[in-house]
Amino acid sequence: MLSKHTSNLPSYSLDSPIVYQLEIVGGTCNLKCPVCPVTENKTDRVNNYFSLATLDKLINEDAFKNTFYLELQMYGEPTMHRNFDEIVSKLKTTGVKLGLSTNATIWREGFKQLDFITISADSRIYRVGRNEEHFWKVVDKIINETNAHIDLQVIEINDWEKQVKLLEEKYKDKSNVLIRTIGDNFGDTGRHPLANDVCINPFISVSVDSDGDVVPCCFMNNKEYVYGNINTNSLKEIWEGQLHKDFVESWLSGNIIEKCKNCRMRSPQLLHYRFAVEWERRGWL
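For every chain, the first residue of its written sequence is number 1, and the numbers climb from 1 along that sequence. Local features in this predicted model are restricted to residues of pLDDT 70 or higher, and side-chain atom pairs are both shown and tallied only at a pLDDT of 80 or more, whereas totals for entire chains, interfaces and linings draw on every residue. The basis for the side-chain values is all heavy atoms of the structure; hydrogens and waters are excluded.

Trainee: Looking at this structure, how should I read the overall build of the protein chain?
Mentor: Summing up its helical and strand segments, the protein chain has ten helices and eleven strands in all. Buried residues in the protein chain amount to 54% of all 285 residues. Only heavy atoms enter the contact rule, under which two residues are in contact if any of them lie within 4.5 Å. Taking the intrachain contacts of the protein chain between residues at least 6 apart in sequence as the baseline, contacts between residues at least 24 apart amount to 74%. As displayed, the protein chain has an accessible area near 13,000 Å², and 49% of this comes from carbon and sulfur atoms. Every helix listed is a DSSP run of H or I at least four residues long, and every strand listed is a run of E at least two residues long, numbered separately from the N terminus. We call a residue buried when its accessible area falls under 20% of the maximum for its residue type, exposed when it is over 50%, and partly exposed in between, using a 1.4 Å probe and counting protein chains only. All accessible areas in this document rest on Shrake-Rupley with a 1.4 Å probe, and a residue is counted as covered only by the protein chains that are shown.

Trainee: Help me understand the confidence of the model for the protein chain in this model?
Mentor: The predicted coordinates ought not to be read in detail in places where the model reports low pLDDT. Looking at the protein chain as a whole, its pLDDT mean stands at 84, while 81% of the residues score no less than 70. Confidence scores differ between elements of the protein chain, with helix H1 (residues 2–6) showing the lowest mean pLDDT of 41 and helix H3 (residues 84–92) the highest of 98. Confidence scores labelled pLDDT are given residue by residue by the predictor and lie between 0 and 100. Here residues 1–13 is modelled with pLDDT under 50, and outside its nearest four sequence neighbours on either side it reaches 22 contacts, counting other chains as well.

Trainee: Would you mind going over unusual backbone geometry with me for this structure?
Mentor: In terms of backbone geometry, most residues other than glycine have negative phi values and most peptide bonds are trans. The phi dihedral of Asp 62 is positive, around 60 degrees, even though this residue is not glycine. Its location among the elements puts Asp 62 in the loop between helix H2 (52–60) and strand E4 (69–72). Here Met 74, not a glycine, exhibits a phi torsion of approximately 105 degrees, which is positive. Tracing the backbone shows Met 74 in the loop between E4 and H3. For Met 74, a relative accessible area of 16% puts it in the buried group.

In structure tokens:
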């Protein structure tokens, strides 16, 4: 049961957060999608690649001890890391459920070790530079040659309903495939108003950027707030540090930063929880 996995979720009082995202490639992608902050130069990352030495440091410090599910994603295509397979192997030694968000244009043997793979399956209009024939070959290879559970993800913009129907028909007989949609959380399409609920991310979780910066969530694409850097301090030290405490206090007092005021999806950490609920319903956990 999912309750078995979530009954001991970490809180602010614990000495280490959930690490729910790790960016192993930052600011580099082999596509030029118009909906992406990397394409539109709305991120400060420039060809950053997460180092194996930094990963070893995190693992040796037991930084993932409160993490149930970790996803390789954020502002770059993770499969472009030349040590992708080795990174996956190292992370699997920690016992976490390991996922990946990818544009599925590059096949990696490390896919076979992953538990979950999210594929950007938007229509070709929004995946500029994608070779359609090659893309679908990679997608089918992932579905047929790995033991991972697959999320085909479509952003809710313009013709997304049509794309969902196409995917549902194409993969209707694949029990390991889930088709889901998410809002356009960076663009202002009018479909998703600004959020006004409390965000739980500051209290329980962090994302780690490709240069080692620890940030509150995946939407800090220009490092609007940084808790610290894991190359300088341990995750425990950063989590217990003043910058993190100040950010938590800003939420408790209602004096949040502009980035958070303009957010269209608070508590992105809860997305992983909702995914897990669906995965358990399907018997994937």
